[in-house]
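Descriptive analysis of the structure
This is what each chain is made of:
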Amino acid sequence: MAHLELDKATIRFGGLTAVSEVDLEVRPGELVGLIGPNGAGKTTVFNLITGVYAPSAGEIRFEGRPIQGLPPHRIAALGIARTFQNIHLFQSLSVLDNVRVGRHVRARSSLLQGLFLTRGSLGDEAEIEAASRRLLNVFALEDEWNWRAGSLPYGDQRRLEIARALATEPRLLLLDEPAAGTNPQEKDALMQLIRRVRTEFGVSVLLIEHDMQVVMGICERIYVLDYGKVIAVGRPEEIRNDPRVIEAYLGEAV
Amino acid sequence: MPGSAHHLLEFVQHLINGLYLGGTYALIALGYTMVYGVLRLINFAHGDVVMVGAYVALFAAAGLHAPAPAPWYQTLLIFLLAMAACALLGMLIERVAYRPLRQAPRLAALITAIGVSVLLENGGQLPWVFGSQPRSVPELVPRVNILPTAWGLSVTPIELVTIGVTLALMVALQMLVQRTRIGKAMRACSMDREAAYLMGIPVNRVILVTFALGSALAAAAGMLIAVKTGQAHAFMGLMLGLKAFVAAVVGGIGSIPGAMVGGFSLGMIEEMVAGYGFSSWRDAIAFVLLILILLVRPTGIMGRAVPEKV
Amino acid sequence: MVVWLKRGLGLALLLLALWGMDTAATNYLEPTYYTLLVNIGRFVILAVSLNLINGITGQFSLGHMAFFALGGYAAAVVTKMVGHRLFGPVPSVSEGIPAFWYAWFAGSLLFGGLVAAVVGLAVGLPTLRLRGDYLAIVTLGMGEIVNIVIQNQEWIGGALGFADLPLFVRPGTGIFWIYLVAVATVLAIRNITQTTHGRALMAIREDEVAAQAMGVNVVRYKVLAFMVGAFFAGIAGGLYAHQQGIITPRDASFVRSIEIVVMVALGGSGSITGSILAAAILTALPEFLREAVGRLPYEQQEGARQLIEQLQMVIYALLLIVLMLVRPQGLLGARELSLRNLLRRRKPRSAPEPSG
């Protein structure tokens, strides 16, 4: 059974159809790429999946359950986490606090318990801190735990965003251009990291990426979006030779 | 039937009052909406520019030894002086208090705007500025009823002048924004300031002009209101400004026709609600309306929804 | 259970210490300074509770004093009207007020806080979806609406205010009550900030889009912050009403709320100790100025006093503007003042830009 399924998902803004009848599926444990020229509607697909927008038509199912129209925080609680194309960290909070916010959705104690720092609340906090520090270790950010997130180098900020997303214990991870603005060495490390995250955390990954080297290198299947429509699906070598894809990317190196 | 005739008269009277009130709100609302359009800033101090306008008119009238009622050219001169002085004040406020915060978080600019407002009000009431007591304003334009008493209706020249001046200024502003180079630049800035800057539009100058225009309109409103009520005081702009801001939101903030529609709507609604049994609630009406409009149609009557980018 | 035992002991010690402080202050301080301490306590409650909304959650409320007034009126109704009906009139201070009246007073404070919180819920639920600058205007409008609604309620004194309230907060009791609530406010809000709920609030301040993507129910948390802030402001109102013996609709006005906004901005948005510090400074300073006036020749005193009154808001305004231009993060930024932090500063810093 598919993990995530988009069934003719469509969204219109006024007269503009940004995403049109997109069918897309991610199977458990799969690493899927979503590519397309600028303005093709890739990030809008992410925004539909994560509840930032409700689709105008069509259905989105996660683990068999329709999730379209749910608010973002509910979808996060169900097990979908994301990163952002233009980094959205909590800039002036510490690195550790950024990851701890990710754990928020798994905390059980109420505000009232927090008000009196009851045992339940303190237990929660201990668990949140331990889990967050484990994540920082995985992402080699443990030494910077007390830095302002905004003061980290760019590449570290990208990794912190992934760590924060994983803190929510997702089963599906959406990565929006994780390689943007990184140098070739960082790119290799990133590809390894994504593979490692998939196996170690048992998540499926849907990945938007412009860098073809990264997409072709790690994705098992690729969807190509153009003008809000899926124009091709397939394994990397199929996509590389698909004439429609070449046409859509005319002028850009595939 | 005399009974229904009486009701009709009362209604017409409220209609006239509402038109007058709405005109003043609209005039002030224009300044809020223009500044919000280019800067996305609620210029809290705008209402207090109205107050300064009233005082400048008061001092100019005293300086010119203007009789009451004054000849039209003298009144016009005072009017223009008030507008010019406040245009300068508006530019000064922008340059000193807002421009350094252009890149800062929006709340920092808003807090500064509140600071400027509090400064103008409380600075204004200092003994060596305007003083804490209300000052009486000469009757430059007569405020006596021109209709026969038997009609049971009251219309005064100052009300007619206010409505006329308001409409004239609105038409002039609309022409300026739609037909002139600077108007086109203002519209470009309010659509996308970054892009306007990259296209070579002198954004800083456009913003200064926006403040100058808005403040001049506020001064016009201030003088007209002061002449009509016969007095000026340091806090007169507080409630006026807030209500005019509500009018701008009701009409759709950022939209110039919206400010006009919103101003007249608020004036009419306030006059009707207060006139028919809720007079002691007058100052709450605008805020109730604000909350209602934000719940039902946050973009206002003429506003457009702008999806926020993620 | 050991934790609760420790905390019970702590509470007992606190009560004892407050009682000791109160007794000492009553016996050894001039009445003006006693009142000054009580006023500082009130502004600490107001500034810290507003900081939860404006500083920690990053919203912008201009209506904090509306909650203050609502709480004050609600508490006054409980003591003066309900209490009167049940137990007869409150004896005057000189006759001695029996202890059960103080228990009733404590209950009235809680009731006032709850009324403020419920109104906070009613106002917050629809309006906290709005962007920050709209929220400022709506909360401002709320203050004016509360002001006008109360003005039209003749049964609680109308425009003239609800007067002749029993003076439960006065030399001998005032410091105890005010600082009991102030300590409770500071502890409650500090506790919140140290849990996942507090981090959710700060996440909202930093980046709403990211916060909800991480599973933070943004509207719910904004409303909760608004309600908790309103609750403590309401209690402060109850204390104030029974200190002055009167509460008026003007106490709800947003002009008064701006004073609290200045305190939060001066101390540093998000810093609880900053708010405490700023509340103390901005309350004490005018008092000391007035004190200095007393040393002027008699014929100049009246004018000087008036001038201080008039200048106070001018100075607040200038402070606000200069602060935003020069140091928008306030005195302490989001940092907290503590002995540990002061000591840590001496050591070389391990990271280039540590936070927290």
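1. A closer look at the overall build of chain C
Counting its regular elements, chain C contains 13 helices and 0 strands. Reading the secondary structure of chain C in the N-to-C direction produces α-α-α-α-α-α-α-α-α-α-α-α-α. Taken against the 2.2 N^0.38 rule, which gives 21 Å for 356 residues, the C-alpha radius of gyration of chain C at 21 Å falls within 12% of a compact globule. In terms of overall dimensions, chain C has C-alpha extents of about 65 × 50 × 50 Å along its principal axes. Nonlocal contacts in chain C, meaning residues at least 24 apart in sequence, comprise 80% of its contacts between residues at least 6 apart. Working note: accessible area of chain C is about 15,100 Å², and carbon and sulfur atoms make up 66% of it. For chain C, the distance from the average site of its 26 positive side-chain charges to the average site of its 19 negative ones is 13 Å.

2. Observations concerning the overall build of chain A
A count of helices and strands for chain A gives 10 helices and 10 strands. In terms of overall dimensions, chain A is globule-like: its C-alpha atoms have a radius of gyration of 19 Å, near the 18 Å expected for 254 residues. Across its three principal directions, the C-alpha atoms of chain A cover 60 × 40 × 35 Å. Across the 254 residues of chain A, 58% fall into the buried class. Counting contacts in chain A only where the partners sit at least 6 residues apart, residues at least 24 apart contribute 67% of the total. Accessible surface, chain A: about 10,300 Å² in total, of which carbon and sulfur atoms supply 50%. Distance between charge centres in chain A, computed from 29 positive and 33 negative side chains, equals 4 Å.

3. Points about the environment of Ala150 of chain B
Residue and element names in this part refer to chain B. Relative to the assigned elements, Ala150 resides in the loop between β1 (135–136) and α5 (157–179). Given the relative accessible area of 80%, Ala150 is considered exposed. Expressed as a C-alpha distance, the spacing of Ala150 and Gly90, which sit 60 residues apart in the sequence, is 46 Å.

4. Focus on the nonpolar core
With 223 residues, the main nonpolar core has Phe44 and Tyr98 of chain B together with Leu62 and Leu239 of chain C as its most contacted residues. Sort the elements by how many residues they give to this core and helix α8 (residues 203–229) of chain B lands first, with 16 residues. Judged by nonpolar contacts, the second largest core, of 45 residues, contains Leu31, Leu135, Ala149 and Val214 of chain A.

5. What to know about the side chain of Glu121 of chain B
Take Glu121 of chain B: it is sitting in helix α4 (residues 106–124). Of the buried charged residues, Glu121 of chain B lacks a salt bridge, with Arg256 of chain C as the closest side chain of opposite charge at 13 Å. If near-sequence neighbours (up to four positions away) are discounted, Glu121 of chain B is found in contact with Asp48, Met51, Ala234, Phe235 and Leu238 of chain B.

6. Points about the interface of chain C and chain A
In this assembly, 35 residues from chain C lie in contact with 39 residues from chain A. Both faces considered, chain C and chain A share a buried interface measuring about 3,300 Å² in area, 63% of it formed by carbon and sulfur atoms. Where chain C meets chain A, there are 1 salt bridge. Here chain C is connected to chain A by 13 residue pairs in polar contact (both at pLDDT 80 or more). For the side of chain C that touches chain A, the elements supplying multiple residues, two or more each, are α1 (2–28), α6 (174–193), α7 (196–206), α8 (208–213) and α9 (218–244) of chain C.

7. What about α9 of chain C?
Residue and element names in this part refer to chain C. For α9, with 27 residues, the first-to-last C-alpha span of 39 Å sits near the 39 Å given by 1.5 Å per residue. Among the 27 residues of α9, 22 are classified as buried, and the element is accordingly described as predominantly covered. A positive backbone phi angle near 80° is found at Gly245, which sits one or two residues after α9.

8. As for the sheet that holds strand β10 (residues 229–234) of chain A
All names here are of chain A. Read across the sheet, 6 strands follow the order β6-β7-β8-β3-β9-β10 without closing on themselves; strand pairing throughout is mixed. Across the chains shown, the open sheet's two edge strands, defined by having one partner strand only, are β6 (80–82) and β10. With direction set aside, neighbouring strand axes in the sheet form an average angle of 20°. In the sheet, strand β3 (residues 31–35) pairs with strand β9 (residues 221–226) via 4 bridges, with the strands oriented parallel. Looking across to β9, one finds that Leu34 is bridged to Tyr223. Across the sheet, helix α7 (residues 184–201) lies against β3, β7 (172–176) and β8 (204–208), angled at about 150° from β8, the strand it touches most.

Conventions adopted
Residues numbered from 1 in each chain as written. Chains lettered and ligands numbered in written order. Predicted model: local features only at pLDDT ≥ 70, side-chain atom pairs only at ≥ 80, totals over all residues. Heavy atoms only, no water. Helix = DSSP H or I, 4+ residues; strand = E, 2+ residues; numbered from the N terminus. Rg over C-alpha atoms; globule rule 2.2 N^0.38 Å. Contact = heavy atoms within 4.5 Å. Areas by Shrake-Rupley, 256 points an atom, 1.4 Å probe, with all protein chains shown as cover. Lys, Arg positive; Asp, Glu negative; His and termini not counted. Charge placed at Lys NZ, Arg CZ, Asp CG, Glu CD. Buried < 20%, exposed > 50% of the residue type's maximum accessible area, 1.4 Å probe, protein only. Core = buried A, V, L, I, M, F, W, Y, C linked by side-chain atoms within 4.5 Å. Salt bridge = Lys/Arg side-chain N within 4 Å of Asp/Glu carboxyl O. Buried area = accessible area lost by both parts, 1.4 Å probe. Polar contact = N/O pair within 3.5 Å; in protein donor to acceptor, adjacent residues only side chain to side chain. Expected span 1.5 Å × (residues − 1). Pairing = 2+ DSSP bridges. Axes fitted to C-alpha atoms, helices over the stretch in contact; angles between N-to-C directions.

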